[in-house]
Amino acid sequence: MSPVLDARGIGMTFRNGDELTEVLKGVDLTLNPGELAALLGASGSGKSTLLSIVGLLLRPTVGTITIAGERVDTLSEAQRALFRNRRLGFIFQFHYLLPDFTATENVAFPAAAPAGGISPEMRRRARDLLARVGLSDRMEFPATRLSGGQKQRVAIARALMNGPDLVLADEPTGSLDRASAEQVLDLMREVNQEDGATFLICTHDEHVAARCTRRISLSDGRVESVMRTDLGARGA
Amino acid sequence: MFAFTVARRYLFSNPSQTALLIAGVALGVTAFVFITALIQGLAIRLTDDVTANSAHVSLEPVTRVARVLPSADVDVESVAIVSTFQRRQIRAWASTVELLRSQPSVSAISPQISGSAFLVKGEAVAPVAVSAIDPSGLDAISPISTEIVSGDASLGADGILIGVRLAENLGLSAGQPVLFRTDRGVDRLLTVRGIFQTGLQSLDERVAYLSLQTARPLFLLPEGVTNIEVKLVDPARAREFAAFLTEATGLRATSWQEKNANLEGALAAQARTGTLIQIFSLISVLIGIASALSLSANRRRGEIGIMRAFGVSKRFIAGVFVLQGLLIGVVGAGIGCLSGFALCSWLATLTEPDGMMVLPIAPSEGGYVAVFLLTTLGAILASVIPARSAARLDPLEAIQQ
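Predicted model, so just to flag it, every value in this text is computed and none were measured. (Residues numbered from 1 in each chain as written. Chains lettered and ligands numbered in written order. Predicted model: local features only at pLDDT ≥ 70, side-chain atom pairs only at ≥ 80, totals over all residues. Heavy atoms only, no water.)

Asker: Just checking my understanding: could you explain the sheet that holds strand β9 (residues 214–219) of chain A for this structure?
Answerer: Adjacent strands of a sheet pair through backbone hydrogen bonds, lying either parallel or antiparallel. Residue and element names in this part refer to chain A. Taken in spatial order, the six strands of this open sheet run β6-β7-β8-β3-β9-β10, and their pairing is mixed. Edge positions in the sheet fall to β6 (88–91) and β10 (222–228), since each has one partner strand and no second. Shown here is a sheet whose adjacent strand axes are inclined to one another by a mean of 20°, direction ignored. Here β9 pairs with β10 via six bridges, running antiparallel. From the neighbouring strand, Leu218 faces β10, where its bridge partner is Val223. Relative to β6, helix α5 (residues 148–160) is tilted by about 170°, and along the sheet it contacts β6 and β7 (166–170). Packing against the sheet, helix α6 (residues 178–195) makes contact with β3 (36–41), β6 and β8 (199–203), and its axis sits at approximately 155° to β8. (Pairing = 2+ DSSP bridges. Helix = DSSP H or I, 4+ residues; strand = E, 2+ residues; numbered from the N terminus. Axes fitted to C-alpha atoms, helices over the stretch in contact; angles between N-to-C directions. Contact = heavy atoms within 4.5 Å.)

Encoded structure:
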């Protein structure tokens, strides 16, 4: 089984004036299809930078990245945007839904923008995804009328709209209360287990990591440990 | 087009702010329309004032100058002396009138004998510019008969029409005799048949009308005329028609624009001032659009960031902002044109007690097409800066904020 993500020797150095800061120091990371992996680390460990590099939002200083069999670190800016659109899904700490659009329109947006409009097929898929995340009764609600937890569930549905090979989540429950956070975590696990979607969740929250099938700990820009968590897989 | 849908939703998301922005554009366009209509109206009024009571083209004999005569045999130069006593005249004026009658652009023709004279009443003497005309064509150049305020417009064999200020200066009234003395010293007693009031001081104080028949012996011109005055259907074409007449007749043809070069210069200066005001009002409109869209792009950084993260193209995001500019421009310019026309139309109805318009405004000359196109185009250009900055937004930076 070929990995969904294969990142090799990822290094990242930021320049701030004359000062150079090495955030990532030769990180190797591999994810297999259907994995629900947590990327753990203290603040400043480099986990968000690694997630951004894997999400093609940032170019590494060194290293190679292959996603679903395609070498992506050499792509041009436009090709990276196209790849992100078709092959990756994103969930951020803040949902960033478009407030002037309904839940269905928000979910359909990643497909609609390049296509020039929301086709009936897109609308149908968006509604299916909203039903999947438990928002059947909120499909035509404007984003502004949804609760924080509901908005984050719409964001999850939006991340899945184009059938991504890999979903990247950066502190997806960071702005939610405990009950909403639990719902969102349950939902991501459900989607992972039932649909086989591969998730890489960047978090500093042990509780979130405990729900994942693998824990990848970063410390000082290096992978400190990789641990399979059967407990997470069983859904305890 | 999905970018259009997004642009429309963005504008409708904050109706009061969008309404204010459109109102600002409409106000600027209204100001543009008002200034254009006012300047055009003023130019039309001034041109009408000048051309209504004077000829659009004047034909006169060419000025004669002394010239050196060539001499092959003798070592002296001969010079042809031009008589300054003999009045310059157009002898073959009948054929020139025929030529003018055949031109569809000519609306009236008036062969005249023009000269200088004095009117003497007792001890009072006043210089006058005389226009001797065919009585049947009295109103051909200036509608004198409609401006008679005393007496009537029948010139007859010994009649004279004078202006109201001249009559006041000499203490004359209709029906009274006055001594007419030409610049050649020929005297004749004439009767004031009518007194006119054109409102133009130069006419009311200085001009007197006689019949051609009366003038011939007085100005020693038994056959010819001194000038032929022409009115055109379109006064604006006087300059080119004058050039044609010079070519066709060999006479000196002068357009009303040449005679009123100062007026033309004043109108041009006025137009330049208007253009500056128009440019400033457009610039203020465009700055308003650019700043409002820049604020919008800044407020929506997170949304734009997520769009970029999802791989939505820079072109799409730039398109959303350019389309917002286009919509604001089209709607604002449309409303501005309508309100500008309404304002000018209302102002055109305001008149002074004497019937004159309070503002010489021409509502139909508001430059509507130009301002609509300029505003729309300008709005698109003004939106390019915020559109580019939105499209160039680093998604990671925007999301992390």
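Asker: Looking at this model, I keep getting lost on helix α1 (residues 47–54) of chain A. Mind explaining?
Answerer: Since the α-helix packs 3.6 residues into each turn, any two residues three or four apart lie on the same face. All names here are of chain A. Among the eight residues of α1, seven are classified as buried, and the element is accordingly described as predominantly covered. Turning to α1, its buried residues are Lys47, Thr49, Leu50, Leu51, Ser52, Ile53 and Val54. Two residues or fewer past α1, Leu56 is found with a positive phi of approximately 60°. (Buried < 20%, exposed > 50% of the residue type's maximum accessible area, 1.4 Å probe, protein only.)

Asker: How should the layout of surface pockets be read in this particular structure?
Answerer: Empty space among the atoms becomes visible once a probe the size of a water molecule is rolled across them. All names here are of chain B. Estimated volume of the largest pocket: approximately 650 Å³. Lining of the largest pocket is provided by 31 residues; of these, Gln112, Ser114, Ser131, Asn227 and Glu229 occupy positions nearest its centre. Of all the elements in the fold, those that place two or more residues in the lining of the largest pocket are β1 (57–60), β4 (106–121), β5 (124–133), α5 (201–206), β10 (207–211), β11 (227–232) and α8 (256–259). Of the residues forming the lining of the largest pocket, the biggest block, four residues, is contributed by β5. (1 Å grid on protein atoms, 1.4 Å probe; cavity = no way out; pocket = protein on both sides within 12 Å on 5 of 7 lines; lining within 4 Å. Points joined across faces, edges and corners; volume = space filled by probe spheres on them.)

Asker: How do you make sense of the interface of chain A and chain B when you look at a structure like this?
Answerer: Often the size quoted for an interface is simply the accessible area lost on bringing the parts together. Listed by partner, the interface residues are 25 residues for chain A and 22 residues for chain B. Between chain A and chain B, the buried area comes to about 2,200 Å², and carbon and sulfur atoms account for 68% of it. Between Glu105(A) and Arg9(B) there is a salt bridge, with the nearest N and O atoms lying 2.8 Å from each other. Where chain A touches chain B, the interface holds seven residue pairs in polar contact (both at pLDDT 80 or more). Elements with a minimum of two residues in the side of chain A that touches chain B: α2 (77–87), α3 (103–115) and α5 of chain A. Residue contributions to the side of chain A that touches chain B peak at five residues, all from α3(A). For the side of chain A that touches chain B, the residue count by class is 16 nonpolar, four polar and five charged. (Buried area = accessible area lost by both parts, 1.4 Å probe. Salt bridge = Lys/Arg side-chain N within 4 Å of Asp/Glu carboxyl O. Polar contact = N/O pair within 3.5 Å; in protein donor to acceptor, adjacent residues only side chain to side chain. Nonpolar A, V, L, I, M, F, W, Y, C, P; charged D, E, K, R; others polar.)

Asker: Help me understand the packing of helix α2 (residues 15–52) of chain B against helix α9 (residues 261–299) of chain B, please; the structure alone is not making it clear to me.
Answerer: Two quantities define a packed helix pair, namely the angle between the helix axes and the distance between the axes. All names here are of chain B. Relative orientation of the contacting elements α2 and α9 amounts to 175°, with a least axis distance of 10 Å. For the element pair α2 / α9, the angle class is roughly antiparallel. Here the contact of α2 with α9 is built from residues that sort into 18 nonpolar, 10 polar and one charged. (Parallel < 35°, antiparallel > 145°, perpendicular 65-115°, else oblique.)

Asker: What's the story with empty space enclosed by the protein in this structure? I'm lost.
Answerer: Residues and elements named next belong to chain B. By the definition in use, this model includes three cavities of 30 Å³ or more. Empty space within the largest cavity amounts to approximately 100 Å³. Taken together, 14 residues form the lining of the largest cavity, with Leu11, Gln17, Thr18, Ser296 and Gln324 sitting closest to its centre. Sorting the residues of the lining of the largest cavity by element identifies α1 (2–13), α2, α9 and α11 (314–349) as the ones contributing at least two each. By residue number, the principal contributor to the lining of the largest cavity is α9, which donates four residues. Classifying every residue of the lining of the largest cavity by side-chain character gives six nonpolar, six polar and two charged.

Asker: I keep staring at the packing of helix α3 (residues 93–101) of chain B against helix α7 (residues 238–249) of chain B and nothing clicks. Help me out?
Answerer: All names here are of chain B. One way to put it is that α3 packs onto α7 with a least axis distance of 12 Å and a crossing angle of 135°. Classified by the angle their axes make, α3 and α7 are oblique. Every pair of crossing elements has a handedness; the one defined by α3 and α7 is right-handed. Between α3 and α7, the residues in contact are Thr96, Leu99 and Leu100 and Phe241, Leu245, Ala248 and Thr249, respectively. Of the residues in the contact of α3 with α7, the class split is five nonpolar, two polar and no charged. (Left-handed = near helix turned anticlockwise from the far one by under 90°.)

Asker: Help me out: how do you make sense of the environment of Leu58(A) in this one?
Answerer: If you trace the backbone, Leu58(A) turns up in the loop between α1 and β4 (62–67). Separated by 46 residues in sequence, Leu58(A) and Met12(A) have C-alpha atoms that sit 9.5 Å apart. Aside from chain neighbours lying at most four places away, what touches Leu58(A) is Met12(A), Phe14(A), Thr49(A), Ser52(A), Ile53(A), Arg80(A) and Leu396(B).

Asker: Quick question: what am I supposed to make of the environment of Arg45(B) here?
Answerer: Residue and element names in this part refer to chain B. Tracing the backbone shows Arg45 in helix α2. Arg45 sits 152 residues away from Gln197 along the chain, and the two C-alpha atoms are 19 Å apart. Sequence-distant contacts of Arg45, defined by excluding residues within four places in its chain, comprise Met356, Met357 and Pro360.

Asker: I would appreciate a short explanation of unusual backbone geometry in the present structure.
Answerer: When glycine is set aside, most residues are seen to have a negative phi, and most peptide bonds are trans. All names here are of chain A. With a phi close to 50°, Tyr96 is a non-glycine residue in the positive phi region. Positionally, Tyr96 belongs in the loop between β6 and α3. According to the relative accessible area criterion, Tyr96 is buried, its value standing at 11%. A positive phi angle, close to 45°, is found at Glu171, a residue other than glycine. Counting through the fold element by element, Glu171 comes out in the loop between β7 and α6.

Everything listed here is a matter of coordinates, which is why it stays silent on function.
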